[in-house]
Amino acid sequence: TTTRCGSRRRPLTARRIVVIATLSLGAMGVACRMSPREMMLLVLFSSTMYLFAGIASEVAIGSFTPTADRYRFAGTIHPNNQGVNCSFIVLAAIAALQTEKHWRVLYASLAAFAFFFLIMTKSRTSLLSFLITLALYLIVVYAGSPRFMFAVCASVTGLLTVVLLASGSILPALQKGILLGRTDQDMDGAMALTGRLPLWEQLIEYAAERPLQGYGYGSFFTVSHIREITARQGWPIAECHNVFLEVLMGLGIVGVSTYALIQIIGMARSVKYYRATRDARFAFLGGLLLLGVVGGMTESTLLVPTMQTFVQFLTLGYFGFQALPEPLRVKVAAHD
């Protein structure tokens, strides 16, 4: 039985590797030809085109109904993926506002427009990932600014004051905010991460059977596994809904450790480059990686050919294959 299962997984693994390798090689080729500014503008305008295409498609087929109870803006992709796309636009527009001298009104308008549609996706995972990424991005860029620290302290003080004065009504408002107006589930479903926690518990059982080698890249979800897990969880499942768990299932402990290390090194380099150059575009590139890591806690889209995967590879390709920024090159040369 094990031999038959292994023989079925090999073609699936081979196809998945070819697809992801093609995407990564294309991203590295682009990364080696682009500057951080060009990458920022590429992410900004390509993601904006995705958003406009999504709006146009929903309007054309009559599904653009923002006032409907269960409406979630999706466009041409899943609402969660559209939320990530909108997050790209906002982050890139903010970075452009900080670094570009012209078209600042356009960048500010795009940031506000994309954030509105991010809310319209009603994707809690995308919104939370964006807010965490934005907070850390601002901390990295403005950590030494007295105005920023004053604004943070004033905001925290104001929030605590509201909680103190409105403690009786804060819980219903908080619950409503967590649900983002969605009527397809209650607080219990939201706190269970829309069924993800029970799913992860079951998948850990499978992972424990092959902890070192895994089941092969992208090859765990065979027909038999999909049927078994779907029957137990009560909803159709064909992914782990966690990128690190997905890597663990496919490549084992060695694979997931390597994947995590690559992400950590990429984000560390973005901070190092920013501190050496004070160029917010490097912090933006690190923000793209962080957005993928935080969002990857509840989604597996970084392992399939999507725009987010391409952006991740593009960013990692830059930090891995482009020359050091001038200030760092001078510093390294002086040290040698």
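Residues numbered from 1 in each chain as written. Predicted model: local features only at pLDDT ≥ 70, side-chain atom pairs only at ≥ 80, totals over all residues. Heavy atoms only, no water.

S.K.: What am I meant to see in the overall build of the protein here?
M.R.: Helix and strand counts for the protein stand at 14 helices and 0 strands. Per-residue burial over the protein gives 45% buried out of 336 residues. Across the protein, the fraction of contacts at a sequence separation of at least 24, relative to all contacts at a separation of at least 6, is 73%. Taken as a whole, the protein presents about 17,700 Å² of accessible surface, with 68% of it coming from carbon and sulfur. (Helix = DSSP H or I, 4+ residues; strand = E, 2+ residues; numbered from the N terminus. Buried < 20%, exposed > 50% of the residue type's maximum accessible area, 1.4 Å probe, protein only. Contact = heavy atoms within 4.5 Å. Areas by Shrake-Rupley, 256 points an atom, 1.4 Å probe, with all protein chains shown as cover.)

S.K.: Got a minute to help me understand the pattern of salt bridges in this structure?
M.R.: One pass over the full model with this rule turns up 5 salt bridges. R281 is the salt-bridge partner of E100, the closest N and O atoms lying 3.3 Å from each other. Of this pair, E100 sits in the loop between α3 (79-99) and α4 (104-120) while R281 is found in helix α12 (residues 280-295), placing the two residues 181 residues apart along the sequence. Judged by relative accessible area, which is 9%, E100 ranks as buried. The buried category is assigned to R281, whose relative accessible area is 13%. One salt bridge in this structure joins R196 and E299, with 2.6 Å as the shortest N-O distance. Placement of the pair is R196 in helix α9 (residues 196-209) and E299 in the loop between α12 and α13 (307-321), with a sequence separation of 103 residues. (Salt bridge = Lys/Arg side-chain N within 4 Å of Asp/Glu carboxyl O.)

S.K.: It is not clear to me how the packing of helix α2 (residues 36-61) against α3 should be interpreted in this structure. Could you clarify?
M.R.: Packed helices, taken two at a time, are described by their axes: the angle between them and the distance between them. As a packed pair, α2 and α3 sit with axes 8 Å apart at the nearest point and diverge in direction by 140°. As summarised for this structure, α2 and α3 are arranged oblique, according to the angle between their axes. α3 is crossed by α2, and the crossing has left-handed handedness. Facing M40, V43, L44, S47, T48, Y50 and L51 of α2, the residues of α3 in contact are Q82, N85, C86, F88, I89, A92, A93, A95, A96 and T99. Looking at the contact of α2 with α3 residue by residue, the classes come out as 12 nonpolar, 5 polar and no charged. (Axes fitted to C-alpha atoms, helices over the stretch in contact; angles between N-to-C directions. Parallel < 35°, antiparallel > 145°, perpendicular 65-115°, else oblique. Left-handed = near helix turned anticlockwise from the far one by under 90°. Nonpolar A, V, L, I, M, F, W, Y, C, P; charged D, E, K, R; others polar.)

S.K.: I keep staring at the packing of aromatic side chains and nothing clicks. Help me out?
M.R.: In this description, an aromatic ring pair is defined by two values, namely the gap between the centres and the angle between the planes. Summed over all chains, the structure comprises 15 aromatic pairs. Aromatic side chains F116 and F117 sit 5.2 Å apart centroid to centroid with 90° between the ring planes, which places their arrangement in the edge-to-face category. Residue classification places F116 among the partly exposed positions, given a relative accessible area of 46%. Ring geometry for Y273 and F319: centres 5.4 Å apart, planes at 70°, overall edge-to-face. On the criterion of sequence distance, the pair formed by Y273 in helix α11 (residues 243-277) and F319 in helix α13 is long-range, its members being 46 residues apart. Of the residues examined, Y273 reaches a relative accessible area of 2% and is grouped as buried. Members of the aromatic cluster, each reached through a chain of ring pairs, are F52, F64, Y71, F73, F113, F116 and F117. Sitting above the plane of the Y215 ring, R210 keeps its charged end 5.2 Å from the centroid. (Phe/Tyr/Trp six-rings, centres within 6.5 Å; stacked < 30°, edge-to-face > 60°. Lys NZ or Arg CZ within 6 Å of the ring centre and 35° of its normal.)

S.K.: In this structure, what is going on with helix α10 (residues 223-233)? I would like to understand it.
M.R.: Within an α-helix, residues lying three or four positions from one another point in the same direction, as the helix has 3.6 residues per turn. Buried within α10 are the following residues: H225, I229 and Q233. When α10 is viewed along its axis, its buried side chains cluster within an angular range of 45° and face the same direction. For α10, the exposed residues set more than 90 degrees away from the buried face come down to V223, R227 and A231. (Arc of directions from axis to C-beta.)

S.K.: So what exactly am I meant to see when it comes to the side chain of S270 here?
M.R.: Mapped onto the fold, S270 is located in helix α11. Classification of S270 as buried rests on a relative accessible area of 4%. Other than its neighbours up to four places away in sequence, S270 contacts F282, G286 and F319.

S.K.: Quick question: what am I supposed to make of unusual backbone geometry here?
M.R.: Glycine aside, residues mostly have negative phi, and peptide bonds are mostly found in the trans state. Despite not being glycine, W103 shows a phi value in the positive range, around 60°. Locating W103 in the fold gives a position in the loop between α3 and α4. Phi at K122 is positive, roughly 55°, even though this residue is not glycine. In this fold, K122 is placed in the loop between α4 and α5 (124-142). Residue classification places K122 among the buried residues on the basis of a relative accessible area of 13%.

S.K.: What's the story with the side chain of T315 in this structure? I'm lost.
M.R.: Within the secondary structure, T315 is located in helix α13. Using a relative accessible area of 1% as the deciding quantity, one classes T315 as buried. Apart from the residues lying within four places of it in its own chain, the contact partners of T315 are M39, L285, L288 and L289.

S.K.: When you look at α9 in this model, what are you seeing that I'm missing?
M.R.: For α9, with 14 residues, the first-to-last C-alpha span of 20 Å sits near the 20 Å given by 1.5 Å per residue. Those residues of α9 that sit buried are R196, L199, W200, Q202, L203, Y206 and A207. In a view along the axis of α9, the buried residues occupy a sector of 165°, so they form one face of it. Structural note: α9 exposes E201 and A208 on the side pointing more than 90 degrees away from its buried face. Among the structural elements, α3, α10 and α11 are those in contact with the buried residues of α9. (Expected span 1.5 Å × (residues − 1).)

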